[in-house]
Amino acid sequence: MDDKMQNMVVPEHVAIILDGNGRWAQKRGLPRNLGHKEGCVTVEKTVEDAARLGIKYLTVYGFSTENWKRSSDEVGALMQLFRYYMVRLLKVAKKNNVRVKMIGDLERFDRDIVEGIDKLVRETRDNTGLTFVIAVNYGGRDEIVRAVKRIMQDADNGKISSGDMCEKVFSSYLDTADIPDPDLLIRTSGEMRLSNYLLWQLAYTEFYIADCYWPDFNMDELKKAISAYNSRDRRFGGVK
Ligand code: IPE
Ligand code: IPE
Ligand code: MG
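Because the structure is predicted, anything quoted here is derived from the model rather than measured. (Residues numbered from 1 in each chain as written. Chains lettered and ligands numbered in written order. Predicted model: local features only at pLDDT ≥ 70, side-chain atom pairs only at ≥ 80, totals over all residues. Heavy atoms only, no water.)

1. Some remarks on the site of ligand 1
Right, so step 1: Neighbouring residues of ligand 1: Leu18, Asp19, Gly20, Asn21, Gly22, Arg23, Arg32, His36, Gly62, Asn67, Arg70 and Glu74.
Right, so step 2: When ligand 1 is considered free in solution it has 380 Å² of accessible area, and contact with the protein chains removes 88% of it.
Right, so step 3: When each cavity is represented as a set of grid points, ligand 1 is found to reside in the largest pocket.
Right, so step 4: The set of elements that each furnish at least two residues to the shell around ligand 1 consists of α2 (21-27) and α3 (32-53).
Right, so step 5: The element that contributes the greatest number of residues to the shell around ligand 1 is α2, accounting for three residues.
Right, so step 6: The class makeup of the residues in the shell around ligand 1 is one nonpolar, six polar and five charged. (Near = heavy atom within 4 Å. Areas by Shrake-Rupley, 256 points an atom, 1.4 Å probe, with all protein chains shown as cover. 1 Å grid on protein atoms, 1.4 Å probe; cavity = no way out; pocket = protein on both sides within 12 Å on 5 of 7 lines; lining within 4 Å. Sits in = over half its atoms within 2 Å of the grid points. Helix = DSSP H or I, 4+ residues; strand = E, 2+ residues; numbered from the N terminus. Nonpolar A, V, L, I, M, F, W, Y, C, P; charged D, E, K, R; others polar.)

Right, dumping it as structure tokens:
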């Protein structure tokens, strides 16, 4: 670790909204899909960088419940990239002792993609380094609604009653059960919105907006975000 990072507190959980793949490509006169391809390379590098810095959890937004609105050409290209990168990620995860988890509603994906995801999760589950969480077909509202459905089913079956409900129990029904809330949220390409990401979990997260497009994100940008995080005063509603 370099001198600059030595006195820094490394956030335990960093969440990223990787944005700007399309604009990165368009700026170069390339099709949007090439931006996504380049974005996948950046995801791979960021996993390695995060592991190197000692970050414990890295959660990236790969595909939102709203992204199905894009052209069938773009959605199809993204699905092809998932297929390809699932295999590559397994290698990266094994090499770096990374455990992979998925959040989101996987039911809408083709069977071979779901099988690839299952394999990636199964074969990395005993790794003890960074936990890399990938949000695909993920929407914060959708996650909350799916949690409520499961709670209602458990109530119907007599497993839970209204008196048992509290924030901790509710959290245990979310896709992120067992994952601590993010400490730092990074969004690239200058946009300042949540786009339906981790609505419950980001309640007290520090936000950092990076100006670069996602394919240009790198270790330097990650360190800048961590440095900004270190200058924040996290009060959680209290007084210091
Ligand atoms: C992020 O880049 C990747 C996904 C949402 C899948 P975008 O595709 O949103 O790129 P811009 O925002 O259009 O430039
Ligand atoms: C958020 O980016 C979703 C992902 C990064 C997967 P979008 O590009 O879809 O968000 P909006 O449309 O700008 O809000
Ligand atoms: Mg975008």
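2. As for the site of ligand 2
Right, so step 1: All residues adjacent to ligand 2 are Ile17, Leu18, Asp19, Tyr61, Gly62, Phe63, Ser64, Asn67, Arg70, Arg187, Arg193 and Ser195.
Right, so step 2: Side-chain polar atom of Asp19 to an oxygen atom of ligand 2: 3.2 Å apart, as the coordinates give it.
Right, so step 3: A distance of 2.8 Å separates an oxygen atom of ligand 2 from a polar atom in the side chain of Arg193.
Right, so step 4: Out of a free accessible area of 390 Å², ligand 2 has 79% covered by protein chains. (Polar contact = N/O pair within 3.5 Å; in protein donor to acceptor, adjacent residues only side chain to side chain.)

3. Some points on the sheet that holds strand β2 (residues 57-64)
Right, so step 1: One open sheet holds the six strands; their spatial order is β3-β4-β2-β1-β5-β6, and the pairing between them is parallel. Across the chains shown, the open sheet's two edge strands, defined by having one partner strand only, are β3 (99-103) and β6 (206-209). Direction aside, the axes of adjacent strands within the sheet are offset by 20 degrees on average.
Right, so step 2: As defined by bridge partners, strand β1 (residues 13-17) adjoins β2 across four bridges and the pair is classed as parallel. By the bridge assignment, Ile16 is partnered in β2 with Val60.
Right, so step 3: In the packing of α3 onto the sheet, the strands contacted are β1, β2 and β4 (131-138), and the crossing angle to β2 comes to about 165 degrees. (Pairing = 2+ DSSP bridges. Axes fitted to C-alpha atoms, helices over the stretch in contact; angles between N-to-C directions. Contact = heavy atoms within 4.5 Å.)

4. Quick notes on the layout of surface pockets
Once rolled over the atoms, a probe with the size of a water molecule shows which space is left empty.
Right, so step 1: If you add up the space inside the largest pocket, you get close to 760 Å³.
Right, so step 2: Taken together, 35 residues form the lining of the largest pocket, with Leu18, Asn21, Tyr61, Gly62 and Phe63 sitting closest to its centre.
Right, so step 3: At the level of elements, α2, α3, β2, α4 (72-95) and β4 are the ones that each hand at least two residues to the lining of the largest pocket.
Right, so step 4: A class-by-class count of the residues in the lining of the largest pocket yields 18 nonpolar, nine polar and eight charged. (Points joined across faces, edges and corners; volume = space filled by probe spheres on them.)

5. Digging into the pairing of β2
Right, so step 1: Among the eight residues that make up β2, seven are buried, leaving the element largely enclosed by the rest of the structure.
Right, so step 2: Sheet topology places β2 next to β4; seven bridges connect them, and they run parallel. When the bridges of β4 are listed, Val60 appears paired with Ile134. (Buried < 20%, exposed > 50% of the residue type's maximum accessible area, 1.4 Å probe, protein only.)

6. Points about empty space enclosed by the protein
Right, so step 1: For the coordinates displayed, the defined rule picks out one cavity of 30 Å³ or more.
Right, so step 2: In this model, the largest cavity occupies a volume close to 50 Å³.
Right, so step 3: In this structure, the largest cavity is lined by His13, Thr59, Val133, Thr176, Ile179, Pro180, Asp181, Pro182, Leu198 and Gln201.
Right, so step 4: Of the residues assigned to the lining of the largest cavity, the class counts are five nonpolar, four polar and one charged.

7. Let's talk about the nonpolar core
Right, so step 1: Grouped together as the largest cluster of nonpolar side chains are 46 residues, with contacts concentrated most on Leu58, Phe132 and Ile186.
Right, so step 2: By residue number, the principal contributor to this core is α4, which donates nine residues.
Right, so step 3: Residues in contact with Leu58, not counting those within four places in the same chain, are His13, Val14, Ile16, Thr46, Val47, Ala50, Leu130, Thr131, Phe132 and Val133.
Right, so step 4: Counting 13 residues, the second-largest nonpolar core is a separate cluster that includes Ile103, Ala135, Leu185 and Leu202. (Core = buried A, V, L, I, M, F, W, Y, C linked by side-chain atoms within 4.5 Å.)

8. Some points on the packing of aromatic side chains
Right, so step 1: Following the criterion strictly, the structure yields 11 aromatic pairs and no others.
Right, so step 2: Arranged with centres 5.8 Å apart and planes meeting at 45 degrees, the rings of Trp68 and Phe109 form a pair that is tilted. Highlighted residues: Trp68 in the loop between β2 and α4 and Phe109 in the loop between β3 and α5 (111-124), separated in sequence by 41 residues.
Right, so step 3: Ring geometry for Tyr84 against Tyr85: centres 5.2 Å apart, planes inclined by 90 degrees, an arrangement best described as edge-to-face.
Right, so step 4: Looking at Tyr84, the relative accessible area reads 47%, which means it is partly exposed.
Right, so step 5: Among the aromatic side chains, those forming a connected cluster through ring pairs are Phe63, Trp68, Phe82 and Phe109.
Right, so step 6: Above the plane of the ring of Trp68 lies Arg108, whose end atom (NZ or CZ) is 4.1 Å from the centre. (Phe/Tyr/Trp six-rings, centres within 6.5 Å; stacked < 30°, edge-to-face > 60°. Lys NZ or Arg CZ within 6 Å of the ring centre and 35° of its normal.)

Interpretation note: all reported values are geometric properties and have no functional meaning in isolation.
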